[in-house]
Amino acid sequence: MDARGRNYGYVGPDDLRALVRPGREGRPVRSAADFHDWASALTPEELAEPFTFVVDATGVLRLAPRRSEHVVCAGGERVLGAGEMSFHQESGPWEVGEVTNQSTGYCPDADSWPAVARALDSAGIEHPDGFTHEVVFRRCPVCRRLNVVREEDFVCVFCDGELPQEWNVGVGAGADVDEGARR
């Protein structure tokens, strides 16, 4: 892990990675003006939905429509953070309303928050003090399948194996990824 935080590689299915094309990455947002320019081109309906986001390996926030794949938003590259983010504007600048680390393609740990906060700070966008909803991802050491841990129950939903307390999704990268974990 470098000073910016842990780098997360894509762990999702190959058919989604195949959607990556040059120039289709998420919109880079380096400043409040970048965000304003991007947001002003969207409809109110589009702005009402959360967006797919990644923080690329250089620390830049990238945004794409909600139904976009994180791996496409990231251009297939490693990320410092990924998830979904919603914005609102009341009487001043745009602010982040909700933000999660929900990305089954990258499965970032909750400790990716500082990289997300730095990217938002660099872009001049106000934000909460942490993820408003944290998702806990673990790979089962027995069957190698990805799990979303719910209610602190660290037991594999596929084989009842014990899941580690520490993030381990990138350990043994290249292991088979099971679609069933994406529920």
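Residues numbered from 1 in each chain as written. Predicted model: local features only at pLDDT ≥ 70, side-chain atom pairs only at ≥ 80, totals over all residues. Heavy atoms only, no water.

### Concerning helix 2 (residues 32–40)
Logical step 1: Within the sequence span of helix 2, burial applies to Phe 35, Trp 38 and Ala 39. The buried residues of helix 2 occupy an angular sector of 95° when the element is viewed end-on, so they sit on one face. (Buried < 20%, exposed > 50% of the residue type's maximum accessible area, 1.4 Å probe, protein only. Helix = DSSP H or I, 4+ residues; strand = E, 2+ residues; numbered from the N terminus. Arc of directions from axis to C-beta.)

### A closer look at the confidence of the model for the protein chain
Logical step 1: Residues with a pLDDT of 70 or more make up 91% of the protein chain, whose mean pLDDT is 90.
Logical step 2: Predicted confidence for residues 173–183 stays below pLDDT 50, and this span has 25 contacts to residues more than four positions away or in other chains. (pLDDT = per-residue confidence, 0-100. Contact = heavy atoms within 4.5 Å.)

### A word on the environment of Gly 76
Logical step 1: Along the chain, Gly 76 falls in the loop between helix 4 (70–73) and strand 4 (79–88).
Logical step 2: The exposure class assigned to Gly 76 is partly exposed, which follows from its relative accessible area of 28%.
Logical step 3: Separated by 93 residues in the primary sequence, Gly 76 and Val 169 have C-alpha atoms spaced 17 Å apart.
Logical step 4: For Gly 76, the residues in contact, after removing those within four places along its chain, are Val 20, Val 71 and Tyr 106.

### Considerations on the pattern of salt bridges
Logical step 1: Scanning all chains against the criterion turns up seven salt bridges.
Logical step 2: A salt bridge links Arg 62 to Asp 56, with the nearest nitrogen and oxygen atoms 3.2 Å apart. Comparing Arg 62 with Asp 56, the two get one shared label, buried.
Logical step 3: A salt bridge links Arg 138 to Asp 109; the nearest nitrogen and oxygen atoms lie 3.8 Å apart. Pair noted here: Arg 138 is in strand 6 (residues 136–139) and Asp 109 is in the loop between strand 5 (95–99) and helix 5 (113–122), with a separation of 29 residues, a long-range link.
Logical step 4: Judged by relative accessible area, Asp 109 falls into the buried class, the value being 14%. (Salt bridge = Lys/Arg side-chain N within 4 Å of Asp/Glu carboxyl O.)

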